[in-house]
Amino acid sequence: MSEPASISQPMISMQHVDKHFGELHVLKDINLEVPRGQVVVVLGPSGSGKSTLCRTINRLEPIDSGSIAVDGVPLPAEGRKLAELRSEVGMVFQSFNLFAHKTIVDNVALAPMKVRKLGRAEARTHAMTLLERVGVANQAEKYPAQLSGGQQQRVAIARSLAMNPKVMLFDEPTSALDPEMINEVLAVMSSLASDGMTMVVVTHEMGFARRASHRVVFMADGAIVEDAAPEEFFNNPRSDRAKDFLGKILNH
Ligand SMILES: Nc1ncnc2c1ncn2[C@@H]1O[C@H](COP(=O)(O)OP(=O)(O)OP(=O)(O)O)[C@@H](O)[C@H]1O
Ligand SMILES: [Mg+2]
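Residues numbered from 1 in each chain as written. Chains lettered and ligands numbered in written order. Predicted model: local features only at pLDDT ≥ 70, side-chain atom pairs only at ≥ 80, totals over all residues. Heavy atoms only, no water.

Named according to an unreviewed UniProt entry, the chain is ABC-type polar-amino-acid transporter originating from Mycolicibacterium sediminis. Taken from UniProt, the Catalytic activity (unreviewed entry) comment for the chain reads in full: "a polar amino acid(out) + ATP + H2O = a polar amino acid(in) + ADP + phosphate + H(+)". (UniProt positions renumbered as here; feature names shortened; annotations may be inferred.)

Before going further, it helps to spend a moment on the packing of helix H5 (residues 120-133) against helix H6 (residues 149-161). For the pair H5 and H6, interaxial distance at closest approach is 9 Å and the crossing angle is 135°. In terms of orientation, H5 and H6 fall into the oblique class. For the pair H5 and H6, the crossing hand works out as right-handed. Taken together, the residues of H6 that come into contact with H5 (itself represented by Leu 130, Leu 131 and Arg 133) are Val 155, Ala 158 and Leu 161. For the contact of H5 with H6, a count of residues per class yields five nonpolar, no polar and one charged. (Axes fitted to C-alpha atoms, helices over the stretch in contact; angles between N-to-C directions. Helix = DSSP H or I, 4+ residues; strand = E, 2+ residues; numbered from the N terminus. Parallel < 35°, antiparallel > 145°, perpendicular 65-115°, else oblique. Left-handed = near helix turned anticlockwise from the far one by under 90°. Contact = heavy atoms within 4.5 Å. Nonpolar A, V, L, I, M, F, W, Y, C, P; charged D, E, K, R; others polar.)

Another aspect to go through is the pairing of strand E4 (residues 65-70). A regular strand places its side chains on the two faces of the sheet in alternate fashion. As defined by bridge partners, strand E1 (residues 12-21) adjoins E4 across five bridges and the pair is classed as antiparallel. Bridged to Met 14 within E4 is Ile 68. Where E4 and strand E5 (residues 73-74) come together, two bridges link them in antiparallel fashion. By the bridge assignment for E5, Ala 69 is matched with Pro 74. The loop that links E4 with its antiparallel partner E5 comprises two residues; one of these, Asp 71, has a positive phi angle of about 50°. (Pairing = 2+ DSSP bridges.)

The next subject is the sheet that holds E5. Taken in spatial order, the four strands of this open sheet run E2-E1-E4-E5, and their pairing is antiparallel. Of all strands in the sheet, those with a lone pairing partner are strand E2 (24-34) and E5, marking the two edges. Sheet topology places E1 next to E2; seven bridges connect them, and they run antiparallel. Bridged to Met 14 within E2 is Leu 32. Running at roughly 120° to E1, helix H2 (residues 50-57) makes contact with E1, E2 and E4 of the sheet.

Moving on: helix H7 (residues 179-194). With 16 residues, H7 ought to run about 22 Å at 1.5 Å a step, and its terminal C-alpha atoms sit 23 Å apart, in line with that. Among all positions in H7, only Met 181, Ile 182, Val 185, Leu 186, Val 188, Met 189, Leu 192 and Ala 193 are buried. Each buried residue of H7 sits inside an arc of 155° when the element is viewed along its axis, so together they form one side. With respect to the buried face of H7, the exposed residues turned more than 90 degrees away are Glu 180, Asn 183 and Ser 194. (Expected span 1.5 Å × (residues − 1). Buried < 20%, exposed > 50% of the residue type's maximum accessible area, 1.4 Å probe, protein only. Arc of directions from axis to C-beta.)

Ordered in space as E6-E7-E8-E3-E9-E10, the six strands form an open sheet in which the pairing is mixed. Both edges of this open sheet fall to strand E6 (89-92) and strand E10 (223-228), since each of them pairs with a single strand only. Going from strand to strand, the sheet's axes swing by 20° on average, the running direction of each strand aside. Across five bridges, strand E7 (residues 167-171) lies against strand E8 (residues 198-202) in parallel orientation. When the sheet's bridge partners are listed, Phe 170 is paired in E8 with Val 201. Running over the sheet, H6 touches E6 and E7 and is turned about 170° from E6. Strands strand E3 (39-43), strand E9 (215-220) and E10 of the sheet are contacted by helix H10 (residues 240-251), whose axis makes an angle of about 100° with E9.

If you walk through the whole model with that rule in mind, you get 15 salt bridges. Taking the shortest distance from any N to any O, the salt bridge between Arg 55 and Glu 61 comes out at 3.5 Å. Its relative accessible area of 26% is what places Arg 55 among the partly exposed residues. Measuring nitrogen to oxygen at the nearest pair gives 2.7 Å for the salt bridge that ties Arg 215 to Asp 227. (Salt bridge = Lys/Arg side-chain N within 4 Å of Asp/Glu carboxyl O.)

Bringing the UniProt feature "domain: ABC transporter" (unreviewed entry) in the chain into the picture now. Within this structure's numbering, the places UniProt gives as "domain: ABC transporter" (unreviewed entry) are residues 12-246. Within the segment residues 12-246, helix and strand shares are 40% and 26% respectively, and the terminal C-alpha atoms sit 27 Å apart.

With that settled, consider the site of ligand 1. By nearness alone, every residue bordering ligand 1 is listed as Phe 21, Leu 24, Val 26, Pro 45, Ser 46, Gly 47, Ser 48, Gly 49, Lys 50, Ser 51, Thr 52 and Glu 172. Between Ser 46 and ligand 1, the recorded distance is 2.6 Å, taken from a side-chain N or O atom to an oxygen atom. Gly 47 is positioned with one of its backbone polar atoms (N or O) 2.8 Å from an oxygen atom of ligand 1. Relative to its unbound accessible surface of 640 Å², ligand 1 loses 58% to contact with the protein. Taken together, the elements giving at least two residues each to the shell around ligand 1 come down to E2 and H2. Here the shell around ligand 1 takes three residues from H2, the largest share from any one element. (Near = heavy atom within 4 Å. Polar contact = N/O pair within 3.5 Å; in protein donor to acceptor, adjacent residues only side chain to side chain. Areas by Shrake-Rupley, 256 points an atom, 1.4 Å probe, with all protein chains shown as cover.)

What follows is the structure, given as structure tokens:
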């Protein structure tokens, strides 16, 4: 018997997606379906299109052709529907981008108040629950500059979660962090993954890719070159591009 559509339908669906920046063909016929609850790590050399791919999923970047749907709904082009989509697809970047003049708890409570019209008390209570979850509740009344990079990045994750997203996109979330802070952010991401969040993660953290992902997508020159389970990708890369990439990243 077939599953109900709502369960079998992929959470993210990219079909024949192409994108150029001027002459540069940055995404080449991308086909990617991410089932609900799957964690996909995107790997590839610098300039291969990883960030652009992520950014198309919440339409920070428009595409030239093809189609993208989130939870079965094609990405809206603009307007209120686009704002709704953005709140359903959380994104965390290398730079934390917290509001410098707002406290940590207000940083997390702000969007639910503005976009979801939640009352201040309710939004702050929910924000505190999320800060607890990412381990920084004791910093709630401080300002971003008073926190470490790892703490700020965890607040940024909490801020995205405050909108109850269906999907979380991470673009090198630990690349700007000192080594001792990387693990605390990866731990939060791993726990999100265990809770069943659908995630697309661009990272150079191969340990996370091996342990926490269900699937590795390897990109080169704007195309998906390999798409495999992590153990298969790391133990038995097929393409020369992936072998070369792994040789460099694992030996450095
Ligand atoms: N706004 C833009 N305008 C023009 N070209 C761009 C723009 N953004 C990215 N590019 C180019 O598109 C290509 C893909 O960039 P992208 O940032 O997606 O790569 P990446 O795989 O994320 O690289 P990195 O590992 O360095 O972050 C690169 O050649 C880049 O120079
Ligand atoms: Mg990038």
